[in-house]
Amino acid sequence: QVSLVESGGGLVQPGGSLRLSCTASGSIFRIVAMGWYRQAPGKQRELVASIRTAGMTLYSDAVRGRFTVSRDNANNTVYLQMNSLKREDTAVYYCNVELLLGDIVTDYWGKGTPVTVSS
């Protein structure tokens, strides 16, 4: 089994910053990628940012230039530094880990941490 523990969400004013973290533990053989998705009320879950083991990053257009994803490979932890937050960034943020076992890539999800951007 794989467990993902997220932290760092909360309430922040527009223009503020937050840092999310997520640590994976359990039967981790090979991590292909770690990242963050978000789901706002009434909307579908969407990719925010991801980082592969080799360091390649991917960002959604909505957050590029404001958010930074990083990893601590030794501790199986992924971070999301969120700056210049906007009201439209309000959502539940979910940690995602892609694990490779043999030839199969499996997604694991955290329970989500809420981020509210409001004055």
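Rules and cut-offs
Residues numbered from 1 in each chain as written. Predicted model: local features only at pLDDT ≥ 70, side-chain atom pairs only at ≥ 80, totals over all residues. Heavy atoms only, no water. Helix = DSSP H or I, 4+ residues; strand = E, 2+ residues; numbered from the N terminus. Polar contact = N/O pair within 3.5 Å; in protein donor to acceptor, adjacent residues only side chain to side chain. Disulfide = S-S within 2.5 Å. Buried < 20%, exposed > 50% of the residue type's maximum accessible area, 1.4 Å probe, protein only.

Undergrad: Quick rundown of the side chain of R38? Include the residues and the values.
TA: Relative to the elements of secondary structure, R38 occurs in strand 4 (residues 31-39). A polar contact is formed between the side chain of R38 and the side chain of D89, at a distance of 2.9 Å. Within the structure, the side chain of R38 is placed 2.9 Å from the side chain of Y93, a separation counted as a polar contact.

Undergrad: So what's going on with the state of the cysteines? Residues and values would help.
TA: Evaluated as defined, the whole model comprises one disulfide. Across the disulfide from C22 sits C95; the S-S distance is 2.0 Å. Taking the torsion about the sulfur-sulfur bond, which here is approximately -80°, the covalent link between C22 and C95 counts as left-handed. In this pair, C22 is assigned in strand 3 (residues 18-26) and C95 in strand 9 (residues 91-101), connecting sequence segments 73 residues apart. Judged by its relative accessible area of 0%, C95 is buried.

Keep in mind these numbers describe shape, not what the thing actually does.
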